[in-house]
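Spelled out from the first residue to the last, the chains are:
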Amino acid sequence: MARQKDTFYFDGFRRSADYACQAAKLLSEVMHDFNPGQLRERMDSMHAIEKAADEVRHDMMDELVTAFITPFDREDIDELGHVLDDVTDSIEGVLNRMYYDNVTDMRDDAVQMSDMVVRATESICELVNELPRFRRSKTLRELVFAINTIETDADHLFIESMRTLHTTCTDPLQVFAWHDVYRHLEQCSDDCERVANTIDSIVMKNS
């Protein structure tokens, strides 16, 4: 059971995970109901989420500087805060690239990849909720495995999507644009896996 003094950090991790999930769901909504004319407005909404996530991380780091006792090693708290923030940053990066690479039509496999990111971030939220009671958790390891599996599936879809792009698309500008978007969608899944692996490492070190 987490000590009362540790609640600040666990709450910060939960808030960071929630912002990542909000960002993933916004990206998925944009892709499912794609309208190029609304991208600028959606980017503003996404940036508001990213800014709020940054504030959570900054608050945690400010607290960490002066804290005498922490629930885990300082380096682990810093790393987990960092990788959680990376997820939100990467998701925002996908939307930004769709805008400045001038994506005009949505591709079905990109929608599938965005849905994978949603599932991964939802699992991250569950995983972070289990962290304060990791010694007694019956689902923590299952959630780590689930996120790893999503990342593996996303890698396979990325390869097939890139293959389809380069063998069927005849517009070189759109090939360039989607190459960029696909690469950053895949990065989102990689970043989600980094969160799972970081938590797994923390648990192993403190068990």
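Structure report, in brief. The structure displayed is predicted, hence computed values, not measured ones.

Conventions used here
Residues numbered from 1 in each chain as written. Predicted model: local features only at pLDDT ≥ 70, side-chain atom pairs only at ≥ 80, totals over all residues. Heavy atoms only, no water. Helix = DSSP H or I, 4+ residues; strand = E, 2+ residues; numbered from the N terminus. Rg over C-alpha atoms; globule rule 2.2 N^0.38 Å. Areas by Shrake-Rupley, 256 points an atom, 1.4 Å probe, with all protein chains shown as cover. Lys, Arg positive; Asp, Glu negative; His and termini not counted. Charge placed at Lys NZ, Arg CZ, Asp CG, Glu CD. Patch = residues over 30% accessible without salt bridge, like charges linked within 9 Å, V, L, I, M, F, W, Y side chains within 5 Å. Salt bridge = Lys/Arg side-chain N within 4 Å of Asp/Glu carboxyl O. Buried < 20%, exposed > 50% of the residue type's maximum accessible area, 1.4 Å probe, protein only. Phe/Tyr/Trp six-rings, centres within 6.5 Å; stacked < 30°, edge-to-face > 60°. Core = buried A, V, L, I, M, F, W, Y, C linked by side-chain atoms within 4.5 Å. Contact = heavy atoms within 4.5 Å.

### With respect to the overall build of the protein
Line of reasoning, step 1. A tally of helices and strands in the protein yields six helices and zero strands.
Line of reasoning, step 2. Element order for the protein, N to C, with α for helix and β for strand: α-α-α-α-α-α.
Line of reasoning, step 3. Taking 17 Å as the expected radius of gyration for a compact globule of 207 residues, we find that the protein reaches 18 Å, a close match to that expectation.
Line of reasoning, step 4. With an accessible surface of roughly 10300 Å², the protein has 49% of that area assigned to carbon and sulfur atoms.
Line of reasoning, step 5. Computed over 22 positive and 42 negative side-chain charges, the separation of the two mean positions in the protein equals 7 Å.

### Focus on a negative patch on the surface
Line of reasoning, step 1. A contiguous patch of negative charge, built from Glu55, Asp59, Asp62 and Glu63, is present on the exposed surface.
Line of reasoning, step 2. Judged by its relative accessible area of 39%, aspartate 59 falls in the partly exposed class.

### Things to note about the packing of aromatic side chains
Line of reasoning, step 1. Here the structure, examined in full by the defined rule, presents four aromatic pairs.
Line of reasoning, step 2. Look at phenylalanine 8 and tyrosine 9: their rings are 5.5 Å apart centre to centre, the planes differ by 85°, and that puts the pair in the edge-to-face class.
Line of reasoning, step 3. Pairing tryptophan 178 with tyrosine 182 gives two aromatic rings, centres 5.3 Å apart and planes at 40°, and the pair type is tilted. On the criterion of helical spacing, the pair formed by tryptophan 178 and tyrosine 182 is a turn pair, its members being four residues apart in helix α6 (residues 172-206).
Line of reasoning, step 4. Of the residues examined, tryptophan 178 reaches a relative accessible area of 2% and is grouped as buried.
Line of reasoning, step 5. For tyrosine 182, a relative accessible area of 0% gives the class buried.

### Brief notes about unusual backbone geometry
Line of reasoning, step 1. Unusually for a residue other than glycine, asparagine 102 sits at a positive phi of about 60°.
Line of reasoning, step 2. Checked against the element boundaries, asparagine 102 lands in the loop between α3 (74-100) and α4 (108-130).

### As for the nonpolar core
Line of reasoning, step 1. Judged by nonpolar contacts, the single largest core of 71 residues is most densely connected at Phe13, Leu27, Met31, Leu80, Ile91 and Met98.
Line of reasoning, step 2. Residues in contact with methionine 31, not counting those within four places in the same chain, are Val94, Met98, Met106, Ala110, Val111, Ser114, Val181 and Leu185.

### Considering the side chain of glutamate 186
Line of reasoning, step 1. Topologically, glutamate 186 is positioned in helix α6.
Line of reasoning, step 2. No salt bridge is formed by the buried glutamate 186. Its closest oppositely charged neighbour is arginine 183, at 7.8 Å.
Line of reasoning, step 3. Ignoring sequence-local partners within four residues, the contact set of glutamate 186 consists of Met113, Asp155 and Phe158.

### Concerning the pattern of salt bridges
Line of reasoning, step 1. Here the structure, examined in full by the defined rule, presents 14 salt bridges.
Line of reasoning, step 2. The salt bridge involving glutamate 29 is made with arginine 42; its shortest N-O contact spans 3.9 Å. Remark: arginine 42 occurs in helix α2 (residues 39-66) and glutamate 29 occurs in helix α1 (residues 7-32); sequence separation between them is 13 residues.
Line of reasoning, step 3. Accessibility expressed as a relative area gives 45% for glutamate 29, which makes it partly exposed.
Line of reasoning, step 4. Given a relative accessible area of 21%, arginine 42 falls into the partly exposed group.
Line of reasoning, step 5. Across the salt bridge formed by glutamate 79 and arginine 194, the nearest N and O atoms sit 4.0 Å from each other. Of this pair, glutamate 79 sits in helix α3 while arginine 194 sits in helix α6, and the two are 115 residues apart along the sequence.

### A closer look at the side chain of arginine 57
Line of reasoning, step 1. Within the fold, arginine 57 resides in helix α2.
Line of reasoning, step 2. Using a relative accessible area of 16% as the deciding quantity, one classes arginine 57 as buried.
Line of reasoning, step 3. Residues contacting arginine 57, with those up to four places away along its chain left out, are Asp78, Gly81, His82 and Asp85.

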